[in-house]
Amino acid sequence: MSQQPIVVCSFGEGRDGLPPGAEEVLHIGRNLAQACEAPLMWVILGPLPERASATAGLYGVQNLHQIDDAKLEANHTDAQVAALAAYGKAQTPQAILVHQTLEARTVAPRLAARLGGAVVMNGISISPIGQNFEITASAYGGDTRVIYEVGPKPVLAFIPNAVIPEPGSGSAIDAEPFAVDLSGVEERIEVLEPAHFDGPRLDDADIIVSGGRGLGSQDNYSLIEQLAEALGGIAGASRPLVDDGWVDSSHQVGLTGRITRPNLYVAIGISGASQHMAGCSAAKTIVAVNRDPEAAIFQHARFGIVGDALEIVPELIRAASAG
Ligand SMILES: Cc1cc2nc3c(=O)[nH]c(=O)nc-3n(C[C@H](O)[C@H](O)[C@H](O)COP(=O)(O)OP(=O)(O)OC[C@H]3O[C@@H](n4cnc5c(N)ncnc54)[C@H](O)[C@@H]3O)c2cc1C
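Residues numbered from 1 in each chain as written. Predicted model: local features only at pLDDT ≥ 70, side-chain atom pairs only at ≥ 80, totals over all residues. Heavy atoms only, no water.

**Observations regarding the sheet that holds strand β7 (residues 144–150)**
Hydrogen bonds along the backbone pair up the strands of a sheet, which may run parallel or antiparallel. With respect to topology, nine strands assemble into an open sheet ordered β7-β6-β5-β8-β4-β1-β2-β3-β9, the strand pairing being mixed. A single partner strand is all that each edge strand has here, and the edge strands are β7 and β9 (175–177). With strand direction ignored, the average angle separating the axes of adjacent strands in the sheet is 35°. Taken strand by strand, helix α1 (residues 22–36) contacts β1 (6–11), β2 (40–45), β4 (95–99), β5 (119–129), β6 (132–139) and β8 (155–158), and its axis lies near 170° from that of β1. (Pairing = 2+ DSSP bridges. Helix = DSSP H or I, 4+ residues; strand = E, 2+ residues; numbered from the N terminus. Axes fitted to C-alpha atoms, helices over the stretch in contact; angles between N-to-C directions. Contact = heavy atoms within 4.5 Å.)

Dropping the structure here:
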């Protein structure tokens, strides 16, 4: 492989002073750069998140670039694509890796087209194979793994689906501004009213209590909200609850919902389907309540309670409120 860089690309600030999913993608990027004997670059669109310089050092980033422009607001994907296309043409990376946020889902395919490369979504791992890359990605809603060989110049969107190891040590590096001319860019999509969701977003939450179909009825979802409140967390849900209109879609955890990374994830009456786990398996600790001892969720849970959610959750609320 050549010395053309591997580029990690991040948008905006998420939890802990870093862009969402930055460390997961930097971890994948560092391994790929080492395998290709290529430099690792990290480009951030918008204001520089607080911990970016220090984190770049920890992951062996050679160049940290920042592209800042008044047009690079959230959801301004025409400007984001134009900025990254200009950056890609200047740096000629072998591969660009992005964390699969909703924004990245819109930007990555268009960026690949601008750069004349391929795009792979739902990536899990990547390694060099000759001049190309072998990429494993999830498909069919997460039930299947697909192996692609793509190249050159792929753009890859990764979902963070595992807890990553500690990054190691390294000195902070300064961000270098990368100038782009976005004066001619007109946004073609106007956000009239962003989806409104009170309180912290699931993506950034430290504690999440999610309910599933095992709750039996919409009324019982209030138990999830009460337990979330008692634990100082926020309430999430599996997709059937959103499909049935019990809660709005901002609560949905999973492949087609929010990809979360809390310290504590409490799954109540949730079977543990792969599509749901795609949104919570990076949690540090999963606690499951399910009346079926064979439920798949118990394979992921650190602590499990077998029993009826309607009996157990009120006890948990009492215990959490007393504590
Ligand atoms: C393309 C695609 C994308 C998808 N994206 C998502 C996604 O983003 N998020 C998502 O969640 N799903 C998603 N799904 C759906 C997913 O496949 C599952 O159908 C869904 O996650 C199941 O939700 P559930 O666990 O709440 O319900 P179920 O699978 O019906 O499980 C209910 C569980 O509750 C338990 N239970 C029943 N009664 C009780 C009780 N009284 N007390 C305790 N436990 C009880 C049962 O034992 C069971 O394990 C997607 C599917 C596809 C095909």
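**Brief notes about the layout of surface pockets**
Considering only enclosed or pocket space, the second largest pocket measures out at about 480 Å³ in volume. Lining the second largest pocket are 24 residues; nearest its centre among them are Arg213, Ser238, Gly269, Ile270 and Ser271. For the lining of the second largest pocket, the elements supplying multiple residues, two or more each, are α6 (239–243), α7 (274–277) and β13 (285–290). Class assignment for the residues of the lining of the second largest pocket results in seven nonpolar, 13 polar and four charged. (1 Å grid on protein atoms, 1.4 Å probe; cavity = no way out; pocket = protein on both sides within 12 Å on 5 of 7 lines; lining within 4 Å. Points joined across faces, edges and corners; volume = space filled by probe spheres on them. Nonpolar A, V, L, I, M, F, W, Y, C, P; charged D, E, K, R; others polar.)

**With respect to the packing of helix α3 (residues 77–91) against helix α4 (residues 102–115)**
Two elements in contact, α3 and α4, have axes separated by 9 Å at closest approach and are oriented at 45°. With respect to α4, the axis of α3 lies oblique. As α3 packs across α4, the resulting crossing turns out to be right-handed. Contact residues: Thr77, Asp78, Gln80, Val81, Ala82, Leu84, Ala85, Gly88 and Lys89 in α3; Glu103, Thr106, Val107, Arg110, Leu111, Arg114 and Leu115 in α4. Split by residue class, the contact of α3 with α4 holds seven nonpolar, four polar and five charged. (Parallel < 35°, antiparallel > 145°, perpendicular 65-115°, else oblique. Left-handed = near helix turned anticlockwise from the far one by under 90°.)

**Brief notes about the nonpolar core**
Grouped together as the largest cluster of nonpolar side chains are 30 residues, with contacts concentrated most on Ile6, Trp42, Leu97 and Ile126. Where this core is concerned, the elements lending two or more residues are β1, α1, β2, α2 (52–58), β4, β5, β6 and β8. In terms of residues, this core owes the most to one element, α1, which gives seven residues. Met41, Ala104, Val155 and Val185 belong to the second largest nonpolar core, which has 29 residues in total. (Core = buried A, V, L, I, M, F, W, Y, C linked by side-chain atoms within 4.5 Å. Buried < 20%, exposed > 50% of the residue type's maximum accessible area, 1.4 Å probe, protein only.)

Geometry only, nothing functional implied.
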